[in-house]
Amino acid sequence: MFETLTPQPADKILSLMAAYREDPREGKIDLGVGVYKNAEGVTPVMRAIKAAEQKLWETETTKAYTGLAGDPAFADAMIALIFADAVARDTVAAVATPGGTGAVHQAFDLIRMANPQARVFVSNPTWPNHISMLKHLGLEMVPYRYFDEDTRGVDVDGMMEDLRQAQKGDVVLLHGCCHNPTGANPNAVDWQGVVALLQDTGATPMIDLAYQGFGDGLEEDAAATRLIAASVPECLIAASCSKNFGIYRERTGLLMAVNHDTSRVGVTQGTLSHLNRQNFSFPPDHGARLVTMILTDDTLRADWKAELEEMRNGMLSLREQLASDLQRLTGSDRFAFVGQHRGMFSRLGLPPEIVERLRAEHAIYMVGDSRLNIAGLNAATVPILAQAIADTVD
Ligand code: LMR
């Protein structure tokens, strides 16, 4: 039967990772996959994670199954981190998932179960795997305008006009902070507008929150999620611990469904657990346990927050350095947006042939749509990138 299989389209981001690995050139620069790297080019295990792992090794007495929803303490700790006091705990159904991608997948599966006719509105552009998973699950997708190619900011008017088409029973997929792939984000006033629109249309928001703490700070990056969850009757939030806890390969995520009608929360919780069972049974526990230990221990939590801040501020300095080098070398402000974008990524707005020349002539790897991973840079490689861009675009 395997002869009926046909080749599947390659994932652009993962193909780029493989091409980079195979490139023998000295001094090659990887600005592709969204993985944080420090100035030495290493993706470190965070200090608090190491400390928690040691403690866990000493104290863990069993590896027997947790529950289908994962350890409830993980959900409690993450819900407190994400929502603070924006919503009451009893309005939230939650399940641990294999990473943020697992949470997104389970959310789409829940939507399909609740309303197979739902249309999912996705930003243009969005993370390519959103689109690929929606296709895989057979859900209808409607792109909405998001990125203004001229200003490299959010096309707020276009976005609002397109989202007006959403109706009750549809889903609006939003990036809670640090939009991937563009780095351009709505401001506080824009988010108020989005909330009013969601209230008017009755569409259900789904928030992908993969970079909390990588933009303007842990609290600031959760502000839009808190506002939306507090203001609409129901919403879905897919959270990832890959980036802000640096535990990419441990596959640690949480899917939350908020429903202000608390009489519905039990059924939603049961459905989420059922869907876990159908897709992979019990979620991975190791990363979730480490996160729980960190969030519930004052010393570990303070150290984790401090290191996360170091990472965030490092990325902000790299943004400022790149924007200023590009300003000097091109004699224009055309790349000033790099300093205003937030999170790991910026979409530079370069045509594919320039992205290809950067790879072929300068061994600089970025995604074909000119998405750049800021954390792939360091103080020494920023001038190299800036010079290569200046030489190539003119
Ligand atoms: C990215 O966008 O590079 C990351 O989210 C990693 C991935 O899985 O694509």
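Residues numbered from 1 in each chain as written. Predicted model: local features only at pLDDT ≥ 70, side-chain atom pairs only at ≥ 80, totals over all residues. Heavy atoms only, no water.

**Student:** Honestly, the site of the ligand in this entry has me stumped. Any pointers?
**Tutor:** All residues in the neighbourhood of the ligand are listed as Ile13, Val33, Gly34, Trp127, Asn180, Tyr211, Lys243 and Arg371. Its free accessible area being 260 Å², the ligand has 81% of it covered by the protein chains. In terms of residue class, the shell around the ligand is built from four nonpolar, two polar and two charged. There are two domains that each give the shell around the ligand at least three residues, and those are domain 1 (11–44 + 309–392) and domain 2 (65–296). (Near = heavy atom within 4 Å. Areas by Shrake-Rupley, 256 points an atom, 1.4 Å probe, with all protein chains shown as cover. Nonpolar A, V, L, I, M, F, W, Y, C, P; charged D, E, K, R; others polar. Domains from an automatic or database assignment.)

**Student:** Would you explain the packing of aromatic side chains in this entry?
**Tutor:** For any pair of aromatic rings, geometry is given as the distance between the ring centres together with the angle between the planes. Enumeration according to the criterion identifies seven aromatic pairs in this entry. Centre to centre, the rings of tyrosine 20 and tyrosine 365 are 5.3 Å apart; their planes meet at 85 degrees, and the pair counts as edge-to-face. Of this pair, tyrosine 20 sits in helix 1 (residues 12–22) while tyrosine 365 sits in strand 10 (residues 364–365); the two residues are 345 residues apart in sequence, bridging distant segments of the chain. Accessibility classification places tyrosine 20 together with tyrosine 365 in one group, the buried group. Among the aromatic residues, ring-to-ring pairing joins Tyr36, Tyr211, Phe214 and Phe345 into one connected group. Across the ring face of phenylalanine 345, the terminal group of arginine 371 is positioned such that the distance to the ring centre comes to 3.7 Å. (Phe/Tyr/Trp six-rings, centres within 6.5 Å; stacked < 30°, edge-to-face > 60°. Helix = DSSP H or I, 4+ residues; strand = E, 2+ residues; numbered from the N terminus. Buried < 20%, exposed > 50% of the residue type's maximum accessible area, 1.4 Å probe, protein only. Lys NZ or Arg CZ within 6 Å of the ring centre and 35° of its normal.)

**Student:** What is the right way to read the domain arrangement of the chain from this model?
**Tutor:** How big an interface is tends to be expressed through the accessible area that disappears when the partners come together. According to the domain assignment, the chain consists of domain 1 (11–44 + 309–392) and domain 2 (65–296). Here the C-alpha centre of domain 2 lies 27 Å away from the C-alpha centre of domain 1. With both sides pooled, the region where domain 1 packs onto domain 2 buries about 1,800 Å², and carbon together with sulfur makes up 56% of that total. Of all residues in domain 1, the largest losses of buried area upon contact with domain 2 belong to Arg312, Arg342 and Arg347, amounting jointly to 33% of the total for that side. Run the count over domain 1 and domain 2 and you get two salt bridges. (Buried area = accessible area lost by both parts, 1.4 Å probe. Salt bridge = Lys/Arg side-chain N within 4 Å of Asp/Glu carboxyl O.)

**Student:** Sorry if this is basic, but what is going on with helix 5 (residues 128–137) here?
**Tutor:** Note on helix geometry: an α-helix contains 3.6 residues per turn, so any two residues three or four positions apart are oriented the same way. Listed as buried for helix 5 are Asn129, His130, Met133, Leu134 and Leu137. Across the axial projection of helix 5, the buried residues extend over an arc of 135 degrees, all falling on one side. Opposite the buried face of helix 5, at more than 90 degrees from it, the exposed residues are Lys135 and His136. Contact partners of the buried residues in helix 5: helix 4 (99–114), strand 3 (119–124), strand 4 (140–145), strand 5 (171–175) and strand 6 (204–209). (Arc of directions from axis to C-beta. Contact = heavy atoms within 4.5 Å.)

**Student:** What am I meant to see in the pairing of strand 2 (residues 92–97) here?
**Tutor:** Sheet faces and side chains relate simply in a regular strand, where the side chains alternate between the two faces. Among the six residues in strand 2, six count as buried, and that is most of the element. Where burial is concerned, the two faces of strand 2 agree: the one with Val92, Ala94 and Ala96 and the one with Ala93, Val95 and Thr97 are both buried. Strand direction decides the pairing type here: strand 2 and strand 8 (residues 253–259), joined by six bridges, are antiparallel. Within strand 8, the position partnered with alanine 93 by the bridge is alanine 257. (Pairing = 2+ DSSP bridges.)

**Student:** Help me understand the nonpolar core in this model?
**Tutor:** For soluble globular proteins, nonpolar side chains are generally found buried alongside one another. Counting residues in each nonpolar core, the largest one holds 131 residues, and the members touching the most others are Met78, Phe83, Phe108, Met256, Trp304 and Leu322. The element contributing the most residues to this core is helix 11 (residues 298–330), with nine residues. Summarising the domain contributions, this core has at least three residues from each of domain 1 (11–44 + 309–392) and domain 2 (65–296). Residues in contact with tryptophan 304, not counting those within four places in the same chain, are Met46, Ala48, Leu81, Leu218, Asn244, Phe245, Ile294 and Leu295. (Core = buried A, V, L, I, M, F, W, Y, C linked by side-chain atoms within 4.5 Å.)

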